[in-house]
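Spelled out from the first residue to the last, the chains are:
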Amino acid sequence: MIDTAALWSVQTLVPLPVLLPLFAAGLTLALHRYANVQRVISVTALSVTTASSAGLMAAADNGPVVVDVGGWAAPVGIALVADRLSALMLTVSGVMLLCVLLYSLGQGIPEGEDPREGGRFGGTIPVAIFHPTYLVLAAGVANAFLTGDLFNLYVGFEILLAASAVLLTLGGTAERVRAGSVYIVVTLMSSLLFLTAIALIYAATGTVNMAQLAERLPDIDPTVRLALQALLLLAFAIKAAIFPLAAWLPDSYPTAPAPVTAVFAGLLTKVGVYSILRTQTLLFPDDDAVDRVLMALALATMLVGILGAVAQNDVKRLLSFTLVSHIGYMIFGVALASEAGTAAAIFYVVHHISVQTALFLVVGLVEWRGGSTSLDRLGGLARLAPVLAVLFFVPAMNLAGIPPFSGFLGKVGLITEGVRDGSGLAWALVVGSVVTSLLTLYAVVKAWNKAFWQEAPSGVARDLALPRSLVLPAGALVAFGLALTVVAGPLYGYAERAARTSMDGFTYVNAVYPGGSERGTGESVEVSEDEGQP
Amino acid sequence: MIVLENTPSAVLLLAVGVLCGAGVYLLLDRPLTRVLLGIVLLSNGANLMLLVAGGRAGASPVVGNAPADVRMSDPLAQAMILTAIVITLALTSFVLALAYRSWQLHGHDEVADDEEDRRVARQAADNAPAYEDSDAAETGETLDEEAATVYDQVVERAERLRAQRERDERDQHGPQGGGAR
């Protein structure tokens, strides 16, 4: 029986971020001949998605919102869980996806233009394919954030991987095919590792539901548990681009069109970080040995990444390396395994999504204006395009962590917690964070000096007005990053509450199993089957 | 209650091992088609592992269909395998398309090195004084010098291609097209 009250509960909002983009993707694919209709559909779908994510964020503050897909309750069916962490990630990624979509609309690339023949955008975007793929990517990201089921997380990953591979190789130029080959093979490899981990977890525990796993994993052999944890972390670390597994990222991202690179840089690695955050807090809490390994990896990621950035001479590659480097901060927060550390990591993820995306969009503008992203061929942009200079300067300083921006606040949160932790490794990380921050400043200031302040080389056009349709979305995202600084107090509070609920272990589990967990009742059919019989 | 008999079959485990081992070996190769075959083998290994994780085969998993004393097969593992197979199929076809495109563009499907990496290597070779390393004893050339040589070759080739393309363009557009640029 369906009554209208049931139709319009908060739970209605939960599947929307997955369903709407998927439906819209189908529609835009069917209507590929009508470019304007496609645009309207995409923008509407992502706007509604973002709005419903924001609604979810407000609702999840009172406790996780759970939907059993298909009406099957949690251990049997797949649960979609919107707790504070998921809802926050969804909202920020929604805003970002929308801004980048508007930017890509403004870009309005003519079809059939070869990137090497003077195309200003570094290639063509076949618009007909772009919209459906972009929406599928949005659906995959939302699915990964929302799911309460490990196998469904794998499906979410694959959805966004397939979409991202198409976006990365748009146009099929030689450079993109090369980058796309590396990218898809590496990510496929990590997906297969993830699938293997799922198989082993299923063999060990008999479930892939995350809430149920949270209950059963503490009971299995610690050695097996460690192996499962290591395998999961390995799979996620490739996606999140953590140090020894990060080499693929700066190699593949910069070749894509600016909006695509922006989305990838902002979102895809963060899905990996989110998965690490979720598994470390929910499935494998209290494991000091792994946390120490993660700390060492975080330190290596920061330093190796930023040293790579310093060596680069191309703004896009430089930013890709800073992206890798700053993943280290988030892993640092996760590895601290305390409420304050996790809160700082969550805040840092939110900050970094907005800032890194904004920077890549602005670099797209720099490429448009200056005709190149190589620092040798750029120059004089501060005088020629002052608006652009401001748009680059603000997120760049934010990334480096200059007060009072949100990057500074996130770093302060991490460093405070690192000092409080007090172990040798934590101190090393505190020092590493500061050094990385300074080197980031050095790298972006180098880019700033060469692109904006040095004498303009002959290749840079003198009078060329930036199109408003590109400046506005990029500016909106920069403003969003600034707004994060303004609302940093409430946002940090939300991140702290999100950290608390994901650390305590029972909020999530109780939400998925209303009315008591299986451990609470003390008897479980599956467990007694394994242990009760000779 | 029916006793769960979950000891995995050695044959299946061996098959998983062989598939994964062969898959990793192929994955380390350079041509994209071999890498693709490696991925296919690996994914089959992973799927088989999921099947093993679901326990021994039993009666068909339809309630009321199986005799009371026979355990049902685990349908969840098989459902997951089916999903994984479909996903791998889609991505395999995508990699195949990439390999084909690469063949169209270059006449082979080997994944090339990143030019920018080589540029950085070249820069390092220019800046740093050459130092002795273990390779030098055998070839008389340091790693830095090797990187520099490789980089020079790449640049040379890129320049040759660029010149070729410009020539082609001139031929196509004639004198007017050239003048417009």
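Within every chain, residues take consecutive numbers counted from 1 along the sequence as written. Here the convention is simple: chains get letters from A, ligands get numbers from 1, in the order in which they are written. With pLDDT at 70 or above as the cut-off, local features in this predicted model cover only qualifying residues; side-chain atom pairs require 80 or more to be listed or tallied, and sums for whole chains, interfaces and linings still use all residues. As a convention, hydrogens and water are excluded, and side-chain values are obtained from all of the structure's heavy atoms.

### With respect to the overall build of chain A
In step 1: Put simply, DSSP marks the helices as runs of H or I at least four residues long and the strands as runs of E at least two long, and each gets a number from the N terminus on. Along its length, chain A carries 23 helices and two strands.
In step 2: Atoms considered for the radius of gyration are the C-alpha atoms alone. The globule rule reads 2.2 Å times the number of residues to the power 0.38. In terms of overall size, chain A behaves like a compact globule, its C-alpha atoms giving a radius of gyration of 23 Å where 534 residues would be expected to give roughly 24 Å.
In step 3: Across its three principal directions, the C-alpha atoms of chain A cover 80 × 55 × 40 Å.
In step 4: For every residue, the accessible area (1.4 Å probe, protein chains only) is compared with the maximum for its type, and the residue is labelled buried under 20%, exposed over 50%, or partly exposed between those bounds. Counting all 534 residues of chain A, 62% fall into the buried class.
In step 5: Using a 1.4 Å probe, the Shrake-Rupley method yields the accessible areas, and only the shown protein chains count as cover for residues. Per element, the accessible surface of chain A, about 18400 Å² overall, is 66% carbon and sulfur.

### Focus: the interface of chain A and chain B
In step 1: Facing 42 residues of chain A, the contacting portion of chain B comprises 42 residues.
In step 2: Throughout, the accessible surface (probe 1.4 Å) given up by two parts as they are put together, summed over both, is called the buried area. Carbon and sulfur atoms make up 72% of the surface buried where chain A meets chain B, a total of about 3500 Å² over both sides.
In step 3: In the sections that follow, a salt bridge refers to a side-chain nitrogen of Lys or Arg positioned within 4 Å of a carboxyl oxygen of Asp or Glu. Taken together, the links from chain A to chain B amount to zero salt bridges.
In step 4: Side-chain atoms alone can form a polar contact between residues adjacent in sequence; in general such a contact is a pair of N or O atoms within 3.5 Å, and within protein one must be able to donate a hydrogen while the other accepts it. The interface formed by chain A and chain B holds one residue pair in polar contact (both at pLDDT 80 or more) in total.
In step 5: Going through the elements one at a time, α6 (150-168), α7 (174-205) and α23 (525-532) of chain A are the ones with two or more residues in the side of chain A that touches chain B.
In step 6: Looking at the side of chain A that touches chain B, the element that brings in the most residues is α7(A), giving 18 residues.
In step 7: Side-chain classes follow a simple rule in which Ala, Val, Leu, Ile, Met, Phe, Trp, Tyr, Cys and Pro form the nonpolar group, Asp, Glu, Lys and Arg form the charged group, and the remainder, Gly included, forms the polar group. Partitioning the side of chain A that touches chain B into residue classes produces 23 nonpolar, ten polar and nine charged. The contact criterion used is simple: two residues touch if any of their non-hydrogen atoms lie within 4.5 Å.

### Some remarks on the environment of A:Val177
Residues and elements named next belong to chain A.
In step 1: Position of Val177 relative to the elements: it lies in helix α7.
In step 2: You can call Val177 buried: its relative accessible area is 2%.
In step 3: Val177 sits 66 residues away from Phe243 along the chain, and the two C-alpha atoms are 25 Å apart.

### Here's the deal with the UniProt feature "domain: NADH:quinone oxidoreductase/Mrp antiporter transmembrane" (unreviewed entry) in chain A
In step 1: When the UniProt feature table is mapped to this numbering, "domain: NADH:quinone oxidoreductase/Mrp antiporter transmembrane" (unreviewed entry) covers residues 148-436 of chain A.
In step 2: Between the C-alpha atoms that bound residues 148-436 of chain A there is a distance of 35 Å. The span itself is 81% helix and 0% strand. UniProt positions are given in the numbering used here, feature names are shortened, and annotations may be inferred rather than shown by experiment.

### Description of the packing of helix α14 (residues 339-370) of chain A against helix α20 (residues 488-504) of chain A
Residues and elements named next belong to chain A.
In step 1: The interhelical angle for the contact between α14 and α20, taken along N-to-C directions, is 125°, at an axis separation of 8 Å. As far as their axial angle goes, α20 and α14 are oblique. Judged by the twist between their axes, the crossing of α14 over α20 is right-handed. In this structure, α14 uses Glu339, Thr342, Ala343, Ala344, Ile346, Phe347 and Val350 to contact α20, whose residues at the interface are Ala488, Leu491, Tyr492, Ala495, Glu496, Ala498, Ala499, Arg500 and Met503. For helices, the axis comes from a line fit to the C-alpha atoms of the stretch in contact; other axes are also lines fit to C-alpha atoms, and the angle between any two N-to-C directions lies between 0 and 180 degrees. Between 65 and 115 degrees an angle is taken as roughly perpendicular, under 35 as roughly parallel, over 145 as roughly antiparallel, and anywhere else as oblique. For a crossing to be left-handed, the near helix must be turned anticlockwise from the far one by less than a right angle; the clockwise case is right-handed.

### Side note on the pattern of salt bridges
All names here are of chain A.
In step 1: Taken as a whole and judged by the stated rule, the model has nine salt bridges over all chains.
In step 2: In this structure, the salt-bridge partner of Arg500 is Glu339, at a minimum N-O distance of 3.4 Å. On the criterion of sequence distance, the pair formed by Arg500 in helix α20 and Glu339 in helix α14 is long-range, its members being 161 residues apart.
In step 3: Judged by relative accessible area, Arg500 falls into the partly exposed class, the value being 42%.
In step 4: Residue Glu339 is classed as partly exposed on the basis of its relative accessible area, which comes to 38%.
In step 5: Several salt bridges share partner residues, and in doing so they unite Asp61, Arg84 and Arg497 into one network.

### A word on the side chain of A:Ser52
All names here are of chain A.
In step 1: Tracing the backbone shows Ser52 in helix α3 (residues 35-60).
In step 2: Of note is the side chain of Ser52, whose polar atom sits 2.9 Å from the backbone oxygen of Thr49.
In step 3: If we skip the residues at most four places from it in the chain, Ser52 touches Leu13, Leu16 and Pro17.

### Re the nonpolar core
Among soluble globular proteins, nonpolar side chains are generally buried collectively.
Residue and element names in this part refer to chain A.
In step 1: Each nonpolar core is a collection of buried residues, namely Ala, Val, Leu, Ile, Met, Phe, Trp, Tyr and Cys, held together in the definition by side-chain atoms within 4.5 Å. The biggest cluster of nonpolar side chains holds 211 residues, and the ones touching the most others in it are Leu150, Phe194, Phe392 and Phe452.
In step 2: No other element matches α14, which puts 19 residues into this core.
In step 3: For Leu150, the contacting residues outside a window of four places in its chain are Phe194, Ile198, Ile201, Val208, Met210, Leu213 and Leu232.

### Details of helix α19 (residues 468-486) of chain A
Residue and element names in this part refer to chain A.
In step 1: Every helix has an expected span of 1.5 Å times one less than the residues it contains. Its 19 residues place the ends of α19 26 Å apart at the C-alpha level, agreeing with the 27 Å of an ideal helix rising 1.5 Å per residue.
In step 2: Among all positions of α19, only Leu470, Val471, Pro473, Ala474, Leu477, Val478, Gly481, Leu484 and Thr485 are buried.
In step 3: The elements touched by buried residues of α19 are α4 (84-107), α14, α16 (386-400), α17 (406-421) and α20.

### Concerning the UniProt feature "transmembrane region" (unreviewed entry) in chain B
All names here are of chain B.
In step 1: UniProt annotation of "transmembrane region" (unreviewed entry) refers to residues 6-28, 35-59 and 79-100 when read in the numbering used here.
In step 2: Taken as a whole, residues 35-59 contains 76% helix and 0% strand, while its terminal C-alpha atoms sit 38 Å from one another.
In step 3: The distance from the first to the last C-alpha atom of residues 79-100 is 32 Å, and the span holds 100% helix and 0% strand.

### Points about unusual backbone geometry
All names here are of chain A.
In step 1: Cis geometry is adopted by the peptide bond preceding Pro404, which originates at Pro403 and carries an omega value of 10°.
In step 2: Tracing the sequence through the fold places Pro404 in the loop between α16 and α17.
In step 3: In the Ramachandran plot, Ala241 falls in the positive-phi region, its phi being about 60° despite a non-glycine side chain.
In step 4: In this structure, Ala241 sits in the loop between α9 (222-240) and α10 (248-252).

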